[in-house]
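Okay, here's what each chain looks like letter by letter:
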Number of protein chains: 2
Amino acid sequence: MTGIFYGIGVGPGDPELVTLKAQKILSRVDILCVPKSRMEKESLAMSVVRAVADREHNLLELEFPMSMDREILEQSWQNAGRQVAEKLMAGQDVAFITIGDPTLYSTFGYLLRFIKLNYPQVPVEIVPGVSSITACPAALLEPLVEGDEKLAVVPAAYNLDDLKNIIDLFDTVVLMKVNRRLPEIMQFLQQYDNLQTFFVSRCGYPDQLTTAKPETVLAQNLHYMSLLVVKKSKP
Amino acid sequence: MTGIFYGIGVGPGDPELVTLKAQKILSRVDILCVPKSRMEKESLAMSVVRAVADREHNLLELEFPMSMDREILEQSWQNAGRQVAEKLMAGQDVAFITIGDPTLYSTFGYLLRFIKLNYPQVPVEIVPGVSSITACPAALLEPLVEGDEKLAVVPAAYNLDDLKNIIDLFDTVVLMKVNRRLPEIMQFLQQYDNLQTFFVSRCGYPDQLTTAKPETVLAQNLHYMSLLVVKKSKP
């Protein structure tokens, strides 16, 4: 009997936004699999788990280098996958935890592919979580899309020509991890007179910042957990 | 003292995917505000609430006509808004419940606008929920977007020229409420040889259907809670 491999979304950071299902599995499973955190002293996902699960866990810390080299990345995903597989093959359940949702921009995807390909006998379960894509509009008290509106979600790497085409086609555009490019993007958006723009940083944390004037955001608030919601004004 | 107006996402339908925060508020608040259901005998959101909240609620059923006439719609939102405001002005907390998330294609947006405009003194809180946009990929065991990939979310009303442009620009496209247009869309997608397409219907319910062969889906499974995930194959 192999263990079950869980991918668990713990929501945007506020422990109250964990689902009942995630809490239940986190209270039962022994091994937690967490990406070794680069930006923060303690993994954000781990601090959420500590707040909702009433037990100690064995941690399996996985290293994912910040590299653009495809080969180095592949290597690290395979190393991580093998460590996870070893526990699963020993009959232990393993839960990979991720801030937000495991299907949205999470390292879980790479591990999932490795396990599905090399250990097809392992049962996998994904527990979806509340994503910052909707937690931020909730904090702003602004609907994201209504009726027949179209929504685009775009991470930090894109060129401004693509962004122009996307704004033409879509009613709402969410720009993820916008911190490094905020001044450049705000300048680019000045050409439009039919857009409303909202900035949210560290959604759900005590130092959360929300504003409808992103151009006033200070450099010290450009945390990597920042996003911009760009909406077409309605007639 | 006015009451608090809550917009609460109860997740895609599985009561286990309700958040701790939603459960807490639903167990405390007296008045639940639900759109009068057209498609189902009992509101889906209500059945989720009954499964997680240990109390009886007073229901405020709001009628929203299935109309394309802007004036009729405006009238119904205002009627609904006034009914909600009456309770709030009497000092009662009111929770509007919605399947999925209140900022994504929910009637809550219209009520929110009405209350913000006409009763700016009312405190409003939105509790984000797990959306079918990530619950469906979770059920499929397929990541939605990774790394620098771009995600488009498109409701049922669009023309195929727009869809072509969207597929050109995006890595993953989620087509919502795809039921009526599934045969037409599948035929349209045949022109591409670099796409993977997945269909999910009634995600999280006992009769959930997931398939990587949407062309095989029978008409009887074309429930309005259906979506299509279209992903570009990776090299």
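Residues numbered from 1 in each chain as written. Chains lettered and ligands numbered in written order. Predicted model: local features only at pLDDT ≥ 70, side-chain atom pairs only at ≥ 80, totals over all residues.

Moving on, we come to the pairing of strand β7 (residues 172-175) of chain B. Residues and elements named next belong to chain B. Across the two faces of β7 the burial is the same, with T172 and V174 and V173 and L175 all buried. Both strand β6 (residues 151-154) and β7 contribute to a ladder of four bridges, which runs parallel. If you follow A152 over to β7, its bridge partner there is V173. One crossover worth recording links β6 to the parallel β7 by way of helix α6 (residues 160-169), and it is right-handed. Judged from the four bridges that link them, β7 and strand β10 (residues 226-232) form a sheet pairing that is antiparallel. Bridge assignment links T172 to a residue of β10, and that residue is K231. (Buried ≥ 20, exposed ≤ 12 C-beta atoms within 10 Å, placed from the backbone. Helix = DSSP H or I, 4+ residues; strand = E, 2+ residues; numbered from the N terminus. Pairing = 2+ DSSP bridges. Right-handed = clockwise from strand over helix to strand, strands pointing away.)

In this section: the interface of chain A and chain B. With 43 residues of chain A in contact, the opposing surface of chain B contributes 43 residues. Those elements giving two or more residues to the side of chain A that touches chain B turn out to be α1 (20-28), α4 (108-118), β5 (124-127), α5 (132-140), β6 (151-154) and α6 (160-169) of chain A. Residue classes in the side of chain A that touches chain B are distributed as 27 nonpolar, nine polar and seven charged. Taken together, the three bridges between β6 of chain A and β6 of chain B define a ladder with antiparallel strand orientation. Within β6 of chain B, the position partnered with L151 of chain A by the bridge is V153 of chain B. (Contact = placed C-beta atoms within 7 Å. Nonpolar A, V, L, I, M, F, W, Y, C, P; charged D, E, K, R; others polar.)

Attention shifts here to the domain arrangement of chain A. Residue and element names in this part refer to chain A. Once the domains are mapped, chain A shows domain 1 (5-127) and domain 2 (132-232). Relative to domain 2, the C-alpha centre of domain 1 lies at a distance of 28 Å. Its residues placed into classes, the side of domain 1 that touches domain 2 shows four nonpolar, two polar and one charged. (Domains from an automatic or database assignment.)

A separate point is the relation of the copies chain A and chain B. Take chain A, turn it by 180°, move it 0.0 Å along the axis, and it overlays chain B with an RMSD of 0.0 Å. Put plainly, the chains are arranged around a two-fold axis. Residue by residue, 100% of the interface of chain A is reproduced at the interface of chain B, so both copies engage with the same surface. (Least-squares fit on C-alpha atoms with pLDDT ≥ 70 in both.)

Residue and element names in this part refer to chain A. With respect to the helices and strands, the residue V84 is situated in helix α3 (residues 70-89). Considered as a pair, V84 and I115 are 31 residues apart in the sequence and their alpha carbons are 8.6 Å apart. Once residues within four sequence positions are removed from consideration, V84 is found in contact with F5, C33, L60, V94, L111 and I115.

Moving on: the sheet that holds strand β4 (residues 94-98) of chain B. Residue and element names in this part refer to chain B. Read from one edge of the open sheet, five strands run β3-β2-β4-β1-β5, paired in parallel fashion. Each of the sheet's edge strands pairs with one partner strand only, and the pair in question is β3 (58-62) and β5 (124-127). Across the sheet, the mean angle from the axis of one strand to that of its neighbour is 25°, orientation sign disregarded. As defined by bridge partners, strand β1 (residues 5-9) adjoins β4 across five bridges and the pair is classed as parallel. Its bridge partner lying in β4, F5 is registered against V94. (Axes fitted to C-alpha atoms, helices over the stretch in contact; angles between N-to-C directions.)

On to the packing of α6 of chain A against α6 of chain B. Each pair of packed helices gets described by two things: the angle between the helix axes and the distance between those axes. For the pair α6 of chain A and α6 of chain B, the least separation of the axes is 11 Å and the interaxial angle reads 150°. Taken together, the axes of α6 of chain A and α6 of chain B are roughly antiparallel relative to one another. Where α6 of chain A crosses over α6 of chain B, the handedness of that crossing is left-handed. Mapping the contact onto sequence places D162, N165, I166 and L169 of chain A in α6 of chain A and D162, N165, I166 and L169 of chain B in α6 of chain B. (Parallel < 35°, antiparallel > 145°, perpendicular 65-115°, else oblique. Left-handed = near helix turned anticlockwise from the far one by under 90°.)

What follows concerns the environment of E184 of chain B. Here E184 of chain B is to be found in helix α7 (residues 182-189). On a C-alpha basis, the gap between E184 of chain B and L160 of chain B in space is 9.6 Å, while along the polypeptide they are 24 residues apart.

Turning to the environment of D93 of chain A, a few remarks are in order. Residue and element names in this part refer to chain A. You can see D93 is positioned in the loop between α3 and β4 (94-98). As a C-alpha pair, D93 and H57 span 36 residues in sequence and 12 Å in three-dimensional space. Residues within four places of D93 in sequence aside, it is in contact with G3, I4, Y6, V29, D30 and I31.

A few words on the pairing of strand β10 (residues 226-232) of chain A. Residues and elements named next belong to chain A. Burial analysis of β10 places six of its seven residues in the buried class, the great majority of the element. Inspection of the sheet shows strand β8 (residues 195-201) paired to β10 by seven bridges, in the antiparallel sense. Across the sheet, T197 pairs through a bridge with V230, a residue of β10.

Below, the discussion takes up the sheet that holds strand β3 (residues 58-62) of chain A. All names here are of chain A. Here five strands make up an open sheet; going across it, the order is β3-β2-β4-β1-β5 and the pairing parallel. Sheet topology places β3 and β5 at the edges, where each strand pairs with a single neighbour. Strand-to-strand twist in this sheet, taken as the mean axis angle between neighbours without regard to direction, amounts to 25°. One ladder, built from five bridges, connects strand β2 (residues 31-35) with β3; its direction is parallel. Looking at β3, one finds that V34 is bridged to E61. Sheet strands touched by α3: β1 (5-9), β2, β3 and β4. Its angle to β3, the strand with the most contacts, is close to 155°.

Where α1 of chain A is concerned, the buried positions are K21, A22, Q23, I25 and L26 of chain A. Buried residues in α1 of chain A make contact with β1, α2 (44-52), β4 and β5 of chain A together with α1 (20-28) of chain B.

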